Amino acid sequence: ILCHDHQLILIEFLVAKANNLLLKGKKEEARSIASNISDNDNQEVLYIKGVIELAYSNIELANNLFSKAFTNSNSDLDLLSDITIQLMDNRYYEQAQKWLDIAFKSVNRTDNNFCEIQADLYFETKQYDSAIEWYNKMLDTYNNFVIIGWQHLFDRRIPQCTGDKI
């Protein structure tokens, strides 16, 4: 029998392994690893299980797991950001917006992380005027937005505009 600290380390290892398998496209193996982790109160376990369910397009189950993870995390904003980005990456834009709405109840609407996510969501859904508004809001409130920040936006967004009418 493992002591508590060793159990936590093992859980972290298994979560990382499941995530790695998922990134390699080995959904079934990732699901198998995650299903064998018995700590269903651990936010990381719940989160990776949610991500795996997203890979299987089980949005309702994924959202339930994400909700439990978020509740168990004491409303961790980094986790909220990760959930929103996962949903966007999997093209569940309406669900992503719901999670962003939760975020904006907890943080100032000028929080750069969530402003950027909101802008990206608008951009991904071709709501360009709204995206521009949110990118500008982010740029206006971030006083130290140096050339690296501009380059980051340019590298990520400008190539995607090719062929799109703005």
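These numbers come from a predicted model, not from an experiment.

A closer look at the pattern of salt bridges
Now for step 1: Per the counting criterion, the structure on display carries one salt bridge.
Now for step 2: Glu53 is the partner of Arg31 in a salt bridge, and the nearest nitrogen-oxygen pair spans 2.9 Å. Of this pair, Arg31 sits in helix α2 (residues 27-35) while Glu53 sits in helix α3 (residues 43-55); the two residues are 22 residues apart in sequence, bridging distant segments of the chain.
Now for step 3: Exposure remark for Arg31: the relative accessible area of 25% places this residue in the partly exposed category.
Now for step 4: On the basis of relative accessibility, which here comes to 8%, the residue Glu53 falls in the buried class.

Description of unusual backbone geometry
Now for step 1: Although it is not a glycine, Ser57 sits at a positive phi angle of roughly 65°.
Now for step 2: Its location among the elements puts Ser57 in the loop between α3 and α4 (59-72).
Now for step 3: Look at Ser57 and you get partly exposed, because its relative accessible area is 49%.
Now for step 4: Of note, the phi angle at Arg91 is positive, near 65°, even though the residue is not glycine.

Thoughts on the confidence of the model for the protein chain
Now for step 1: Here the protein chain averages 85 in pLDDT, while 83% of its residues score no lower than 70.
Now for step 2: Predicted confidence for residues 162-166 stays below pLDDT 50, and this span has five contacts to residues more than four positions away or in other chains.

Points about the packing of α4 against helix α6 (residues 93-106)
Now for step 1: Remark: α4 packs on α6, axes separated minimally by 12 Å, with the N-to-C direction vectors making an angle of 15°. Taken together, α4 and α6 sit at an angle that is classed as roughly parallel. The element α4 and its partner α6 pack so that their crossing is right-handed. Contacts from Ile59, Asn63, Phe66, Ser67 and Phe70 in α4 reach Gln95, Trp99 and Ile102 in α6.
Now for step 2: Broken down by class, the residue content of the contact of α4 with α6 amounts to five nonpolar, three polar and no charged.

Each value, and the rule that gives it
Residues numbered from 1 in each chain as written. Predicted model: local features only at pLDDT ≥ 70, side-chain atom pairs only at ≥ 80, totals over all residues. Heavy atoms only, no water. Salt bridge = Lys/Arg side-chain N within 4 Å of Asp/Glu carboxyl O. Helix = DSSP H or I, 4+ residues; strand = E, 2+ residues; numbered from the N terminus. Buried < 20%, exposed > 50% of the residue type's maximum accessible area, 1.4 Å probe, protein only. pLDDT = per-residue confidence, 0-100. Contact = heavy atoms within 4.5 Å. Axes fitted to C-alpha atoms, helices over the stretch in contact; angles between N-to-C directions. Parallel < 35°, antiparallel > 145°, perpendicular 65-115°, else oblique. Left-handed = near helix turned anticlockwise from the far one by under 90°. Nonpolar A, V, L, I, M, F, W, Y, C, P; charged D, E, K, R; others polar.

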